[in-house]
Amino acid sequence: MSERPIATTDAGSPAPSLEHSQSVGPNGPLLLQDHYLIQKMAHFNRERVPERVVHAKGGGAYGVLEITEDVSQFTKAKLFQKGARTESLVRFSTVAGELGSADTARDPRGFAVKFYTEDGNYDIVGNNTPIFFIRDPQKFSDFIHSQKRRPDNHLRDHNMQWDFWTLSPESAHQVTFLMTDRGTPASWRHMHGFGSHTFLWYNAAGERFWVKYHFKTDQGIRNFTAAEAAAAQVADPDLHIRDLYEAIRRGDDPSWTVNVQIMPFEEAADYRFNPFDLTKVWPHADYPEITIGRWTLNRNPENYFAEIEQASFEPSSFVPGIGPSPDKMLQGRLFSYPDAHRYRIGPNYLQLPVNQPKAPVHSYNFDGPMTYRNPAGPVYAPNTVGGPVAAGPDVWRGEEYELAGEIVRSAYHPHREDDDFSQPRALWERVLSDTDRAHLVDNVVGHASAPEVTDDMKKRVVGYWRNIHKDLGDRVAQGLGVTDA
Ligand code: NDP
């Protein structure tokens, strides 16, 4: 029999007892000098880091990205060169529910991927939808507030959700997507992932392109109906965490075909849709998807807290060959994600093993809570004492381009076919099957039939769907019993 180790305090001294606190006689009060008990209780109170305000409930795994095609004419990013294999981590999640909420609730799913590249971390922090509810980060906290709990009674409120959506017509595309059965995926393995935003790619010659990422599931799309999703919420609230974990454990590694859409840099200016608007897709007829590789998940984390709860994804982690676009939502997220991690995990979150780049880090940032990376050398630049020097313009040549304009607060300057309804209309008219349409109508009617939704709001809901398509609106009206909208 192997010898069991002696339990210790966190400072390493042997634990006097794992059962009995120190007391004045067997029946007397406890002593404050029982530092072992005090450490145990105090540490227990601090076991949790703050829950993510959004995407609190999730799970993840490690995997590998393999690039099979040559896209060096579009980007010089090393992870996207033909033959490259890059280790990665994904975290899938719901958006609105808390840490203990059910995996199968109707919600977009977070699809956040970290690539540990030789040039540092590259994160694609996307969703299982190619679009989003809003196009300006000014509305982000308001949108999330409308989806989460009310301040007075601590209940979620569908009236509040429809109030926001019907006053925000740019939400129509994403709400349509959400109310189809794709809003309740059967598992994380059976859904696509999208980078959602438009990003900048540039090649070794400094030529620029706009790009969108599509991760297409090789398992095939599989969704729950509303009834199946509701049943799963009761039967196994952790179904999606379990499904992914078990699949990888039994060697049934899920994979995704990685596709991109590429738009030459100059075409953005007068493309028929605003190509940076996060409520729009790029229709395939204009920009077909090009397959560049495969991404496979093949390893479960060994410790959920260390590797998933503390995992920090940020769309601001770029590598040479890739940069941001002027998508306003992306611009907002470049700030808000690292800021959330600094608050939630601490300013040195990038030193934790799961977040630590595999590339060497030679940064002039130092100290702060719980730091492990303590420089011995110069802590300022420029210096003459051998400190690290900048990569220089050659490495980043291509990410810079000229922009000029008045400082304003305004909507995007519209492109000629921009509106909030034609793309969800195309989804309804051309893409959804009759069954998909019937489920969409049922899901909307079910959601807007919650007892808190007022009669006036139901009329607004009908108007919202009629803007997308008259038949759709009429069917919602019939389902909600609205006759005079
Ligand atoms: P296409 O017919 O070329 O593409 C339709 C897209 O919709 C495909 O990517 C298809 O891929 C996806 N799709 C199929 N069934 C559903 C469903 N039930 N719910 C959501 N998506 C579905 O047409 P366009 O590129 O012109 O796009 C038409 C509309 O399709 C868009 O307005 C948008 O609403 C939707 N769409 C478009 C995407 C794009 O990037 N262009 C991506 C996803 C949706 P798959 O079956 O593999 O998901």
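Remember, it's a predicted structure, so these values are computed and weren't measured experimentally.

1. A word on unusual backbone geometry
Following Ala 381, the chain continues into Pro 382 via a peptide bond in cis, with omega recorded as 5°. Mapping Pro 382 onto the fold places it in the loop between helix H8 (328-344) and helix H9 (393-396). Not every positive phi belongs to a glycine, and His 154 is a case in point at roughly 60°. Along the chain, His 154 falls in the loop between helix H2 (140-147) and helix H3 (158-166). Of note in this structure, Ser 196 is not a glycine but carries a positive phi near 65°. Within the secondary structure, Ser 196 sits in the loop between strand E5 (193-194) and strand E6 (199-202).

2. Looking at a nonpolar patch on the surface
Together, Phe 366, Val 379, Tyr 380 and Val 385 make up an exposed nonpolar region whose accessible area comes to about 370 Å². Tracing the backbone through its elements, the reader meets Tyr 380 in the loop between H8 and H9. Of the residues examined, Tyr 380 reaches a relative accessible area of 45% and is grouped as partly exposed.

3. A word on the UniProt feature "binding site: heme" (unreviewed entry) in the protein
The UniProt record annotates "binding site: heme" (unreviewed entry) at Tyr 337. Tracing the chain through its elements places Tyr 337 in helix H8. Residues within four places of Tyr 337 in sequence aside, it is in contact with Val 125, Phe 313, Glu 314 and Pro 315.

4. Points about helix H6 (residues 239-249)
Because each turn of an α-helix spans 3.6 residues, side chains separated by three or four positions end up pointing in the same direction. For H6, the complete set of buried residues consists of His 240, Leu 244, Ala 247 and Ile 248. On an axial view of H6, the arc spanned by its buried residues comes to 95°, and they lie on one face. Buried residues in H6 make contact with strand E1 (58-67), strand E2 (85-93) and strand E9 (290-299). Gly 251 sits one or two residues past H6 and shows a positive phi near 85°.

5. Concerning the side chain of Thr 198
Here Thr 198 is to be found in the loop between E5 and E6. Of the polar contacts made by the side chain of Thr 198, one reaches the side chain of Lys 212; its length is 3.2 Å. Beyond its immediate sequence surroundings of up to four residues, Thr 198 is in contact with Trp 210, Val 211, Lys 212, Pro 275, Phe 276, Trp 282, Ser 325, Asp 327 and Leu 330.

6. What about helix H11 (residues 434-448)?
Counted at 1.5 Å a residue, the expected span for H11 with its 15 residues is 21 Å, and the 21 Å between its end C-alpha atoms agrees. Those residues of H11 hidden inside the fold are in contact with H3, helix H4 (172-179), helix H5 (226-235), helix H10 (422-431), helix H12 (455-468) and helix H13 (470-480).

7. Structural notes on the site of the ligand
Neighbouring the ligand are 19 residues, the closest being His 173, Arg 182, His 192, His 284 and Gln 423. Measuring from an oxygen atom of the ligand, one finds a side-chain N or O atom of Lys 216 at 3.3 Å. Looking at the shell around the ligand, the elements with two or more residues in it are H4, strand E7 (208-217) and H10. The element that contributes the greatest number of residues to the shell around the ligand is H10, accounting for 5 residues. Residue composition of the shell around the ligand, by class: 9 nonpolar, 6 polar and 4 charged. Split by domain, the shell around the ligand shows at least three residues from each of two domains, domain 2 (58-351) and domain 3 (422-480).

8. Comments concerning the pattern of salt bridges
According to the stated counting rule, one finds 29 salt bridges in the structure shown. The partner of Glu 289 in a salt bridge is Lys 216, with the nearest N and O atoms 3.7 Å apart. Residue Glu 289 is found in the loop between strand E8 (255-264) and E9, and its partner Lys 216 is found in strand E7; the two are separated by 73 residues along the sequence. Of the residues examined, Glu 289 reaches a relative accessible area of 21% and is grouped as partly exposed. Overall, Lys 216 belongs to the partly exposed group, its relative accessible area being 26%. By sharing partners, the salt bridges in this structure join Arg 135, Asp 277, Lys 280 and Asp 420 into a single network.

9. A few points about the packing of aromatic side chains
Each aromatic ring pair is described using two quantities: the centre-to-centre distance and the angle formed by the ring planes. Scanning the entire structure with this criterion turns up 35 aromatic pairs. Ring centres of Phe 80 and Tyr 122 lie 6.3 Å apart, and the angle between their planes is 85°; on these two criteria the pair is classed as edge-to-face. In this pair, Phe 80 sits in the loop between E1 and E2 while Tyr 122 sits in strand E4 (residues 120-127), placing the two residues 42 residues apart along the sequence. Both rings, one in Phe 199 and one in Tyr 213, keep their centres 5.7 Å apart while their planes meet at 45°; by these two values the pair is tilted. One end of the pair, Phe 199, is in strand E6; the other, Tyr 213, is in strand E7, and 14 residues separate them in sequence.

The rules behind these values
Residues numbered from 1 in each chain as written. Predicted model: local features only at pLDDT ≥ 70, side-chain atom pairs only at ≥ 80, totals over all residues. Heavy atoms only, no water. Helix = DSSP H or I, 4+ residues; strand = E, 2+ residues; numbered from the N terminus. Patch = residues over 30% accessible without salt bridge, like charges linked within 9 Å, V, L, I, M, F, W, Y side chains within 5 Å. Areas by Shrake-Rupley, 256 points an atom, 1.4 Å probe, with all protein chains shown as cover. Salt bridge = Lys/Arg side-chain N within 4 Å of Asp/Glu carboxyl O. Buried < 20%, exposed > 50% of the residue type's maximum accessible area, 1.4 Å probe, protein only. UniProt positions renumbered as here; feature names shortened; annotations may be inferred. Contact = heavy atoms within 4.5 Å. Arc of directions from axis to C-beta. Polar contact = N/O pair within 3.5 Å; in protein donor to acceptor, adjacent residues only side chain to side chain. Expected span 1.5 Å × (residues − 1). Near = heavy atom within 4 Å. Nonpolar A, V, L, I, M, F, W, Y, C, P; charged D, E, K, R; others polar. Domains from an automatic or database assignment. Phe/Tyr/Trp six-rings, centres within 6.5 Å; stacked < 30°, edge-to-face > 60°.

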